[in-house]
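Per-entry structural report
Listed below, chain by chain, are the residues.
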Amino acid sequence: MALGWARAGQEVIIGSRALERAVQAALAINREVGRTAATGMLNREAAAAGEIVVLTVPYDAHEKTLLDIREAVRGKILVDVTVPIDPQNPRRLRIPSDGSATEEAQALLGPETRVVAAFQNISYTHLSQGEAIACDVLTCGGDAQARQEVIRLAGLLGLRGLDAGPARNARVVEGLTVVLMEINRRYKVRGAGIRVTGLPDRDNEK
Ligand SMILES: NC(=O)c1ccc[n+]([C@@H]2O[C@H](COP(=O)([O-])OP(=O)(O)OC[C@H]3O[C@@H](n4cnc5c(N)ncnc54)[C@H](OP(=O)(O)O)[C@@H]3O)[C@@H](O)[C@H]2O)c1
């Protein structure tokens, strides 16, 4: 996603627990796009410096990372890509006590941070290619304007973002990823996706 946004002319900051990894990831993006589009920082600093913060860590690291960046993201949009996969059984969802990782994040960060669930159904195998991706981005969260902002970010990656309503709907969107992973296995593909049909033309353009 960072590479896609850099390709789309945005400035991106990569966060990591290790500065060196963040810097190396940023350099790789800069080499790819041929300009200084990315910088690397430690997670908390990256979260403080970013206008919109995108969280992409395994579910195991979700709470810990959120606690680390909680103050840094106050007042911002946090895009949560986390799928609560059971680390003991990666074919299963571990359903969080709050219903979804997104709702957990919102509860943990408090109302001043607007959490939006998005991108859980997009396989990384597509993102790095820079080609058209046949998968919609369903956005869920408590703030309609924040959902629209994330839909705009999806558009920069060449993806159609759709407003999928309140945070509780993230339970379905997060769970759908496990279904897509199962389809990947059964059909021996790497990046099954989902498209919503039946929308007015304006939303069918992409
Ligand atoms: N990969 C996909 O195609 C895909 C698609 C849809 C949704 N997702 C979801 O997106 C999230 C990230 O997926 P991913 O494939 O990018 O995961 P990943 O490569 O395993 O992890 C992403 C980064 O999280 C950090 N991290 C890993 N373990 C950690 C820990 N124990 N504590 C703190 N930070 C840790 C690491 O960064 P540092 O070591 O640099 O700190 C790592 O590079 C997951 O929740 C996944 O379910 C992934």
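What counts and what doesn't
Residues numbered from 1 in each chain as written. Predicted model: local features only at pLDDT ≥ 70, side-chain atom pairs only at ≥ 80, totals over all residues. Heavy atoms only, no water. Helix = DSSP H or I, 4+ residues; strand = E, 2+ residues; numbered from the N terminus. Rg over C-alpha atoms; globule rule 2.2 N^0.38 Å. Buried < 20%, exposed > 50% of the residue type's maximum accessible area, 1.4 Å probe, protein only. Contact = heavy atoms within 4.5 Å. Areas by Shrake-Rupley, 256 points an atom, 1.4 Å probe, with all protein chains shown as cover. Lys, Arg positive; Asp, Glu negative; His and termini not counted. Charge placed at Lys NZ, Arg CZ, Asp CG, Glu CD. Pairing = 2+ DSSP bridges. Axes fitted to C-alpha atoms, helices over the stretch in contact; angles between N-to-C directions. Right-handed = clockwise from strand over helix to strand, strands pointing away. Salt bridge = Lys/Arg side-chain N within 4 Å of Asp/Glu carboxyl O. Near = heavy atom within 4 Å. Polar contact = N/O pair within 3.5 Å; in protein donor to acceptor, adjacent residues only side chain to side chain. Nonpolar A, V, L, I, M, F, W, Y, C, P; charged D, E, K, R; others polar. Parallel < 35°, antiparallel > 145°, perpendicular 65-115°, else oblique. Left-handed = near helix turned anticlockwise from the far one by under 90°.

Each helix and strand counted, the protein chain has nine helices and nine strands in total. For a compact globule of 206 residues, the expected C-alpha radius of gyration is about 17 Å, and the protein chain comes in at 16 Å, within 12% of that figure. Each of the three principal axes of the protein chain carries a C-alpha extent, and together these read 40 × 40 × 35 Å. A burial count over the protein chain gives 46% of its 206 residues as buried. Intrachain contacts of the protein chain at a sequence separation of at least 6 include 69% that bridge at least 24 residues. For the protein chain, the accessible surface area stands at approximately 10,800 Å², while carbon and sulfur atoms represent 52% of it. Side chains of the protein chain carry 26 positive and 25 negative charges; the gap between the two charge centres is 5 Å.

In this section: the sheet that holds strand 9 (residues 161–163). With respect to topology, five strands assemble into an open sheet ordered 3-4-7-8-9, the strand pairing being mixed. Where the open sheet ends on each side, the last strands, each with one partner, are strand 3 (52–55) and strand 9. Direction aside, neighbouring strands of the sheet carry axes that sit 30° apart on average. Direction of pairing for strand 7 (residues 114–117) relative to strand 8 (residues 137–141): antiparallel, over a ladder of two bridges. Bridge pairing in strand 8 links Ala117 to Cys140. This element, helix 4 (residues 62–69), spans strand 3 and strand 4 (77–80) of the sheet and lies at about 160° to strand 3. Here helix 5 (residues 101–109) sits on the sheet in contact with strand 4, strand 7 and strand 8, set at roughly 170° to strand 7.

Every second residue of strand 4 is oriented toward a common face, with Ile77 and Val79 on one face and Leu78 and Asp80 on the other, all of them buried. Of the pairings in the sheet, the one linking strand 3 to strand 4 comprises four bridges and is parallel in character. By the bridge assignment for strand 4, Val54 is matched with Val79. Regarding topology, helix 4 serves as the crossover connection from strand 3 to the parallel strand 4, and that connection is right-handed.

This brings us to the pattern of salt bridges. In this structure the tally under the stated criterion is 15 salt bridges. Among the salt bridges present, the one from Arg94 reaches Asp60, with a minimum N-O distance of 3.8 Å. Taken together, the positions of Arg94 in the loop between strand 6 (89–93) and helix 5 and Asp60 in the loop between strand 3 and helix 4 put the pair 34 residues apart, joining distant regions of the chain. The closest approach of N and O atoms between Glu103 and Arg171, which form a salt bridge, is 2.8 Å. On the criterion of sequence distance, the pair formed by Glu103 in helix 5 and Arg171 in helix 8 (residues 170–187) is long-range, its members being 68 residues apart. Residue Arg171 is classed as partly exposed on the basis of its relative accessible area of 42%. One connected set of salt bridges, linked through shared partners, spans Arg91, Glu182, Arg185 and Arg186.

This paragraph deals with the site of the ligand. In the vicinity of the ligand, 16 residues are found, and the nearest of them are Ser16, Arg17, Arg21, Val57 and Tyr124. At a separation of 2.9 Å, an oxygen atom of the ligand approaches a polar side-chain atom of Arg21. Contacts to the ligand include Val83, whose backbone N or O atom sits 3.2 Å from an oxygen atom. In the complex, 64% of the free accessible area of the ligand, which totals 870 Å², lies under the protein chains. Classifying every residue of the shell around the ligand by side-chain character gives eight nonpolar, five polar and three charged.

Geometry of a packed helix pair, given as the angle between the helix axes and the separation of the axes. Contact pair helix 4 / helix 5: the axes reach a minimum separation of 10 Å and the direction vectors enclose 30°. On the basis of the axis angle, helix 4 is roughly parallel to helix 5. The interaxial crossing formed by helix 4 with helix 5 has right-handed handedness. Residues His62, Glu63, Leu66 and Leu67 of helix 4 form the contact with helix 5, whose participating residues are Ala101, Glu104, Ala105, Leu108 and Leu109. Grouping the constituent residues of the contact of helix 4 with helix 5 by class yields six nonpolar, one polar and two charged.

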